[in-house]
Each structure stands twice: as structure tokens, then as C-alpha cells.
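The primary structure of each chain is shown beneath.
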Amino acid sequence: RLLGAYYHAGVNGIAAADKIFALTAESPLLTSFPDKLPEKAAGEGLKPLIKLENLSFSYDKQRPIIKGLNMAIEPGQVVALVGESGSGKSTVGNLIVRFFDPDMGKVTFDGIDLKEIPLEYLRGRISIVPQNAYIFAGTIADNLRFGKLDATRDEMMRACKTAGFYDFVNSLPEGL
């Protein structure tokens, strides 16, 4: 019985190793990783003006998901992408936060190609609200600190106000 268990564990290990080796053999999705902002933005930072210019993208390089998309998102503007499942809504969001680079065209942030902006800077200025919300076991504060480990009470309450969650949190006997 023990020999059978060891054999089964070994086969599972080999299968897992095959998957890991296949993953490490893949080419990276992103090709440039700048470590500082371009000179144009170094002083005051970038305005949150996002443009998608003649954007095309496919996951397999054969079946296009997005073709020739042009769109501008002005600072403070609320934009909703609506369409059937598989029409590219999430893909547009993934391109804006640079989880992928476009096959053709470009995404710019205040006129600067995302490939020239450090990922930490970019992703620190864009928020994503996924289709499915995940709540982890623990307090509301624990869940809020998932995004920022050292968040203060004031920061968490501001986040609750922004999310329209403030009154609910205040109605709870233990608050956050």
C-alpha cells in the first residue's frame, strides 16, 4: 500500500514538474520594463488620460480579439464596456493595466506609451473592479488591508466612502 502511495505521489510530481517546465519555457508577455518615468512626466507625474490607438490584440496570434480599436478615457470620466461574453471587454482592461502588450497600436497614459512607464507607477494609479468580488475570511479591515498592508483607519474609511460602503461599515457593531 505504501509503495502504491509513493508511486502515485511520484507520478503527480512528474506531472507538476512538466507543467512548471512548460511555463518557464514560455516567452514573456511583456517586453519592456522601464525603471523610471520618462523625462516628460518626471516632475509632476502623469495626468490620467488613457488612449487606445489603432489597438489590435489576440491571445494566440491567429484569432484577433480586438482589431483597430480607438478610444480615449478622459480624467474623471466613467466608461462602461458592454458586450457579449468573449467580445474583448476584459482584454481591453488587461491591456490598459499592461497585463499584456498589444500586437499592433498602442495604449498611452497622458500621451506616453505604457511600455515607457514603470509598471509599479502605472498600476499604482489604476484600480480594477473585477466582475467577481472576493471577500476573505476575517474583518473588513483585513480585506481592505489586502490592497495596502499598512493602511490606516482613516485611509480605510476613505476607501469605504469611495466605494459607497461607509454607512454600512458604521452600522456594524464593531465597524471595520
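Definitions and cut-offs
Residues numbered from 1 in each chain as written. Predicted model: local features only at pLDDT ≥ 70, side-chain atom pairs only at ≥ 80, totals over all residues. Heavy atoms only, no water. Helix = DSSP H or I, 4+ residues; strand = E, 2+ residues; numbered from the N terminus. Buried < 20%, exposed > 50% of the residue type's maximum accessible area, 1.4 Å probe, protein only. Salt bridge = Lys/Arg side-chain N within 4 Å of Asp/Glu carboxyl O. Phe/Tyr/Trp six-rings, centres within 6.5 Å; stacked < 30°, edge-to-face > 60°. Lys NZ or Arg CZ within 6 Å of the ring centre and 35° of its normal. Polar contact = N/O pair within 3.5 Å; in protein donor to acceptor, adjacent residues only side chain to side chain. Contact = heavy atoms within 4.5 Å.

A. View of unusual backbone geometry. For asparagine 54, which is not glycine, the phi dihedral falls at a positive 50°. Checked against the element boundaries, asparagine 54 lands in strand 1 (residues 50-57). Judged by relative accessible area, asparagine 54 falls into the partly exposed class, the value being 44%. You will see that lysine 61, though not glycine, has its phi angle at about 65°, which is positive. Secondary-structure assignment places lysine 61 in the loop between strand 1 and strand 2 (66-73). By relative accessible area, lysine 61 is classed as exposed at 56%.

B. Spatial organisation of the pattern of salt bridges. Using the criterion set out here, one finds three salt bridges in the structure. Close ionic contact of aspartate 103 with lysine 61 constitutes a salt bridge, the shortest N to O distance being 2.7 Å. On the criterion of sequence distance, the pair formed by aspartate 103 in the loop between helix 3 (89-96) and strand 3 (104-109) and lysine 61 in the loop between strand 1 and strand 2 is long-range, its members being 42 residues apart. Here glutamate 155 ties to lysine 148 by a salt bridge, and the two come within 2.6 Å at their closest N and O atoms. Under the relative-accessibility criterion, glutamate 155 is labelled partly exposed at 26%.

C. A look at the packing of aromatic side chains. Summed over the entire model, instances satisfying the criterion amount to five aromatic pairs. Centroid distance tyrosine 59 to phenylalanine 100: 5.3 Å. Interplanar angle 85°. Geometry classified as edge-to-face. Separated by 41 residues along the polypeptide, tyrosine 59 in the loop between strand 1 and strand 2 and phenylalanine 100 in the loop between helix 3 and strand 3 bring together distant segments of the chain. With a relative accessible area of 44%, tyrosine 59 lands in the partly exposed category. Note on phenylalanine 165 and phenylalanine 168: the rings are 5.3 Å apart at their centroids and 40° apart in plane angle, and the pair reads as tilted. Ring pairs connect the aromatic residues Phe57, Tyr59 and Phe100, which therefore count as one cluster. A cation sits over an aromatic face here: lysine 161 above tyrosine 166, 4.7 Å from the ring centre.

D. Representation of the side chain of serine 58 in the model. The residue serine 58 is located in the loop between strand 1 and strand 2 in this model. Exposure remark for serine 58: the relative accessible area of 4% places this residue in the buried category. Here lysine 61 takes part through its backbone nitrogen, which lies 2.8 Å from a polar atom of the side chain of serine 58. If sequence neighbours within four positions are ignored, serine 58 has contacts with Arg63, Pro64, Ile65 and Asp103.

From the geometry alone we can't say anything about function, so treat these as descriptive.
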